Structure formats: C-alpha cells, structure tokens
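Residue-level structure breakdown
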Amino acid sequence: MTEFGPIAALAKRAGELEALDRALRQTLPSPLREQVRFANLRDGRLVFLAPTPAWASRLRLSQAQILSTAHALGVHANAVTVKVAPLPPAQTEPDRTKPLSAAAANHLKAAAATTSDLELRELFLALASVADISASRTGGTR
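Residues numbered from 1 in each chain as written. Predicted model: local features only at pLDDT ≥ 70, side-chain atom pairs only at ≥ 80, totals over all residues. Heavy atoms only, no water.

On to the nonpolar core. Leu24, Leu46, Phe48, Leu59 and Ile66 are the most contacted members of the largest nonpolar core, which has 20 residues in total. The set of elements that each furnish at least two residues to this core consists of helix H1 (5-26), strand E2 (45-50), helix H3 (53-60), helix H4 (63-72) and strand E3 (79-84). When residues no more than four places from it in sequence are discounted, the contact partners of Leu59 are Leu28, Leu32, Val36, Phe48, Ile66 and Val82. (Core = buried A, V, L, I, M, F, W, Y, C linked by side-chain atoms within 4.5 Å. Buried < 20%, exposed > 50% of the residue type's maximum accessible area, 1.4 Å probe, protein only. Helix = DSSP H or I, 4+ residues; strand = E, 2+ residues; numbered from the N terminus. Contact = heavy atoms within 4.5 Å.)

Tallying each qualifying case throughout the model produces 3 salt bridges. The salt bridge partner of Arg22 is Glu18, with a shortest N-O separation of 3.1 Å. With Arg22 and Glu18 both in helix H1, this residue pair falls 4 residues apart, about one helical turn. Assessed through its relative accessible area of 48%, Arg22 is described here as partly exposed. Arg25 is paired through a salt bridge with Asp21; the nearest N and O atoms lie 2.7 Å apart. Note that Arg25 and Asp21 are positioned in helix H1 at a spacing of 4 residues, about one turn of the helix. For Asp21, a relative accessible area of 10% gives the class buried. (Salt bridge = Lys/Arg side-chain N within 4 Å of Asp/Glu carboxyl O.)

The 3 strands are arranged E1-E2-E3 in an open sheet whose pairing can be described as mixed. Because the sheet does not close on itself, it has two edges, and the strands there are strand E1 (37-42) and E3. Strand after strand, the sheet turns through a mean of 25 degrees between neighbouring axes, direction not considered. Here E2 runs beside E3; their pairing, made up of 6 bridges, is parallel. Its bridge partner lying in E3, Leu46 is registered against Val80. Relative to E1, H1 is tilted by about 120 degrees, and along the sheet it contacts E1 and E2. Strand contacts of H3: E2 and E3, with the helix running at about 170 degrees to E3, the strand carrying the most contacts. (Pairing = 2+ DSSP bridges. Axes fitted to C-alpha atoms, helices over the stretch in contact; angles between N-to-C directions.)

Let us look at the side chain of Ser62. Secondary-structure assignment places Ser62 in the loop between H3 and H4. A residue is classified by how much of its surface remains accessible, and Ser62, at 10% relative accessible area, is buried. Sequence-distant contacts of Ser62, that is, excluding residues within four places in its chain, are made with Leu28 and Leu32.

Right, let's talk about unusual backbone geometry for a bit. Peptide bonds are, in most cases, trans, and in most cases residues other than glycine have a negative phi. Its identity is not glycine, yet Asp43 carries a phi of approximately 50 degrees, on the positive side. Mapped onto the secondary structure, Asp43 falls in the loop between E1 and E2.

Positionally, Phe124 belongs in helix H6 (residues 118-137). For Phe124, the residues in contact, after removing those within four places along its chain, are Leu108, Ala111 and Ala112.

Here's what the structure looks like:
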C-alpha cells in the first residue's frame, strides 16, 4: 500500500486544486469564468491561466474579489498571478470514413446486378448508395 502513497497524494492534490478552481471561478462574471482556469496555489500565490492577454487583464481586475473568496474558503493567499497560456483546442473525433469513388460505386452496382444472392445484392446497392452520397457532398461526380 505504501507504493501507492505518492500517487494517492498526487490524486488528492489534483482533486483539491480542481475543487478550488470551481469555487474561485464560480464568483467571476460569466464570460470570464469560462475563459480562465485556476492552475496552482504556490507560496501564497493563486496562479491562473488565461488564453489571451485581454482575458488576463480582465482577470487581474478581479484580483481583490478572488483573494476575498480564497480567504473565505480558508486558503492563505496574498497574490494572484495570471499567466497567458492558450487553452488546448477542443478535441474532435477525426473523420475515419473515406469517400467511395464513383467508379467504386459503379463496380458495386455491377456486382449487384450479376449476383443471384438477394441479400448480397442489397448490401452491394446500399454500399453503392453511400458512395453516391459522399460523392455529392464532396462535389465529385456520380
């Protein structure tokens, strides 16, 4: 169990910082609250991250309010430091589908026409219709 001590301490610290982030940002005005993040408490300094210098300046104007909230929460802080650090871009799921060419759609339709298996014919035609849709979306020929 002692081998997990450092990991448990790190997880506990992360949880405390996350709770402090929520509590401190909750008192900020709405547009500012969504733009900045609390990063750390070190040597009596509350460290925040802002995506641009403009947001950093707006946060600095709220320093007295932030310190007041921190003191009410029992946090011993005497200064607010704001660092400009762009927020990471929102992660989007990459499109893993590849468009089917018009030539591939024609081959699938030809295969459907020559097979006697009704289920296989329907599958070929369904796949060919996906190629038709993707070609029209990308401006390709059908």
